[in-house]
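As a plain string of letters, each chain reads:
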Amino acid sequence: MSKIKIPHTLVLMFIMMMVALVLTWILPTGSFDRQVEDGLTVVVPGSYEMQEDVPRLSPVRLLTVIPEALEAAQNVIFFVFLIGGVLGIIRHTGALDAVIGKLLEKFGSRMGLLIFGGMFIFGLFSSVIGMAAEYVVFVALLVGLCRAIKLDAMVAMGILVVGYGVGYGLSLTNPFTVVIAQAIAEVQPGSGAWLRILLLIPVFAVGFHHVYSYAKKVKADPANSLLADLPTEEIKQDADAYPKMNKTHIAVISAFGLALALLVYGIQWHGWYLTELSALFVGLGIATIFIGRLGFDEAAQKFIDGAAQLTATALLVGFARSIAMILEDGQVLDTVIHYLSMPVDAMGSYFGAVGMLFIQSFLNLFIPSGSGQAFVTMPIMVPIADTAEIGRQVAVLAFQMGDGFMNMIVPTNPVLMGILGLAGIPYDRWFRFMAPLMLKLLVVCSFALIFAVFVGY
């Protein structure tokens, strides 16, 4: 029996766009009222009204939405292009290969430490300051390192994505998710951290076990890799085969480290986002040219080559954004939210909290932005939580889990699609890798929310 052929990720995106269009023809149209509070646009609870005069979207919308979505996601798209170009320059200096060789000396025989340490660091920064898209710069290094120790790109992205997903799902002070959600729920920003810290231990353990177990299988037999049938460039597996670290490499890596320090500083204290971060890495690219004593024409070509490799990734980012745009244009996204939220009130406090988790998880397919989902869903969930005798902190926790964990697998998340594109991982393979973990996390989080209700969180 032949295996079912999974379409290319771009084809999957277009299929989802067509499904979204059909939903706009089937579902009733309607919307919530929105108001601005302290500069934030939030939904007014109980304001949902059916709209009878909304024209149906034409099938032509499938064509016009693509350039509009590319425009709407331009900050992410150009960030990906610029990062790719700058990494092309840095790679040409040999600094990345030298770092891989150095790391091989330290971690070549300590796979568990590499996986644990990487996941912990990515999770920590995501939990505290909400980093995610910024990790794009580590993709090439992680993939190269994992391949060099007879692992695959899936392990590398497991370290990165599962690490930051756990950090987002149980964030301590993430300004883009928990802080906004708590502000909307009118609870003290940053409060309730004790339970999130407590839950981080088992949830991180589940994520680490999943990535580590897969890594052991691949290490034992490369045929166990979900990417085994895909062509990959030959990777040197001996630390001595990589260039030795020299003064130029050290200077380039130091400049890279300084850029990362400025990135953290700018995000935390000056509210930097993709525009400022893109400019920062352009500056890093220019500095690398001088540090590496590269010719300008040579550096320009390497920049173009690096950016060109990410064309497919950039297109996937735009296509992912188009799905939500179709639902918004057809005015059925609010309808989906309205009808999903109705059963929660009748489920009782314990199962109502679990219901909130599944609703937030499902809605993340259409609203992958953490802050965007908070603005839309929290004003609805908070009154429901009050009437169902569910603590508002529990409602915030359900939102955090649904948003953070599902962003590790939903194909409408442009950051995820960008990272997978950089790593050369088809989405269908990533789904096969992540689906078992998502089921485990949903079970663990369901019990965690029941516990939260029980203790009056």
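Residues numbered from 1 in each chain as written. Predicted model: local features only at pLDDT ≥ 70, side-chain atom pairs only at ≥ 80, totals over all residues. Heavy atoms only, no water.

## Considering the overall build of the protein chain
Regarding its fold elements, the protein chain presents 19 helices and four strands. Buried residues in the protein chain amount to 53% of all 457 residues. In the protein chain, the share of contacts with a sequence separation of at least 24, taken over all contacts with a separation of at least 6, comes to 80%. (Helix = DSSP H or I, 4+ residues; strand = E, 2+ residues; numbered from the N terminus. Buried < 20%, exposed > 50% of the residue type's maximum accessible area, 1.4 Å probe, protein only. Contact = heavy atoms within 4.5 Å.)

## Topic: the side chain of T29
Within the secondary structure, T29 sits in the loop between α1 (9-26) and β1 (30-31). With a relative accessible area of 13%, T29 lands in the buried category. Engagement of the side chain of T29 in a polar contact is seen with the backbone oxygen of Q51, the distance being 2.4 Å. If we ignore the near neighbours within four places in the chain, the residues touching T29 are Y48, M50, Q51, V54, G330, Q331, V332 and T335. (Polar contact = N/O pair within 3.5 Å; in protein donor to acceptor, adjacent residues only side chain to side chain.)

## Digging into the packing of aromatic side chains
With the rule as written, the count across this model stands at 12 aromatic pairs. Centre to centre, the rings of F116 and F120 are 6.5 Å apart; their planes meet at 5°, and the pair counts as stacked. In this pair, F116 and F120 both sit in helix α5 (residues 111-129), four residues apart, roughly one turn of the helix. Since its relative accessible area comes to 46%, F120 is described here as partly exposed. Members of the aromatic cluster, joined through ring pairs, are F116, F120, F204, F208 and Y212. (Phe/Tyr/Trp six-rings, centres within 6.5 Å; stacked < 30°, edge-to-face > 60°.)

## Side note on helix α2 (residues 61-72)
With 12 residues, α2 should cover 16 Å at 1.5 Å per step; its first-to-last C-alpha distance of 15 Å lies within 8% of that length. Buried residues of α2: R61, L62, V65, I66 and A69, and no others. Projection of α2 onto a plane perpendicular to its axis shows the buried side chains occupying an angular sector of 140°, all on one side. Opposite the buried face of α2, by more than 90 degrees, sit the exposed residues L63 and E71. (Expected span 1.5 Å × (residues − 1). Arc of directions from axis to C-beta.)

## Digging into the side chain of Q182
Mapping Q182 onto the fold places it in helix α8 (residues 178-184). On the basis of relative accessibility, which here comes to 0%, the residue Q182 falls in the buried class. In this structure Q182 touches V187, Q188, P189, G190, S191, R196, Q393 and V396, once residues within four positions along its chain are discounted.

## Here's the deal with the pattern of salt bridges
This model, assessed by the stated rule, comprises four salt bridges. Overlapping salt bridges bring together R61, E68 and D329 as one network. (Salt bridge = Lys/Arg side-chain N within 4 Å of Asp/Glu carboxyl O.)

## Some words on a nonpolar patch on the surface
On the surface, a nonpolar cluster with roughly 840 Å² of combined accessible area is contributed by W194, L198, M347, Y350, F351, F451, F454 and V455. Only α9 (193-220), α15 (348-363) and α19 (427-454) provide two or more residues apiece to the nonpolar patch. Position of W194 relative to the elements: it lies in helix α9. (Patch = residues over 30% accessible without salt bridge, like charges linked within 9 Å, V, L, I, M, F, W, Y side chains within 5 Å. Areas by Shrake-Rupley, 256 points an atom, 1.4 Å probe, with all protein chains shown as cover.)

## Focus: empty space enclosed by the protein
The tally for this structure, following the rule as stated, stands at one cavity of 30 Å³ or more. Looking at the largest cavity, its volume works out to about 40 Å³. Every element with two or more residues in the lining of the largest cavity is listed here: α3 (74-92) and α18 (414-423). In terms of residue class, the lining of the largest cavity is built from seven nonpolar, one polar and no charged. (1 Å grid on protein atoms, 1.4 Å probe; cavity = no way out; pocket = protein on both sides within 12 Å on 5 of 7 lines; lining within 4 Å. Points joined across faces, edges and corners; volume = space filled by probe spheres on them. Nonpolar A, V, L, I, M, F, W, Y, C, P; charged D, E, K, R; others polar.)

## Structural notes on the nonpolar core
Residues M157, L160, M378, M401 and W430 are the most contacted members of the largest nonpolar core, which totals 147 residues. Counting residues per element, this core draws most heavily on α19, which supplies 13 residues. Excluding residues that lie within four positions of it along the chain, M378 makes contacts with A181, I184, A185, Q360, Q373, P383, A395, V396 and F399. (Core = buried A, V, L, I, M, F, W, Y, C linked by side-chain atoms within 4.5 Å.)

## A closer look at α18
With respect to burial, α18 is a largely interior element, eight of its 10 residues being buried. Listed in full, the buried residues belonging to α18 are P414, V415, L416, M417, G418, I419, L420 and A423. Two to three positions downstream of the cap, the backbone nitrogen of V415 sits 3.1 Å from a side-chain oxygen, assigning the N-cap of α18 to N413. Backbone geometry just after α18 places G424 at a positive phi near 75°.

## Remarks on the environment of L284
With respect to the element layout, L284 can be found in helix α11 (residues 274-291). A residue is classified by how much of its surface remains accessible, and L284, at 5% relative accessible area, is buried. The spatial distance from the C-alpha of L284 to the C-alpha of L260 is 10.0 Å, given a sequence separation of 24 residues. Those residues in contact with L284 that lie beyond four places of it in its chain are V86, I90, A255, F256 and A259.

## Focus on the environment of I180
Relative to the helices and strands, I180 resides in helix α8. By relative accessible area, which is 15% here, I180 ends up buried. Along the primary structure I180 and F375 are separated by 195 residues, whereas in three dimensions their C-alpha atoms are 8.0 Å apart.

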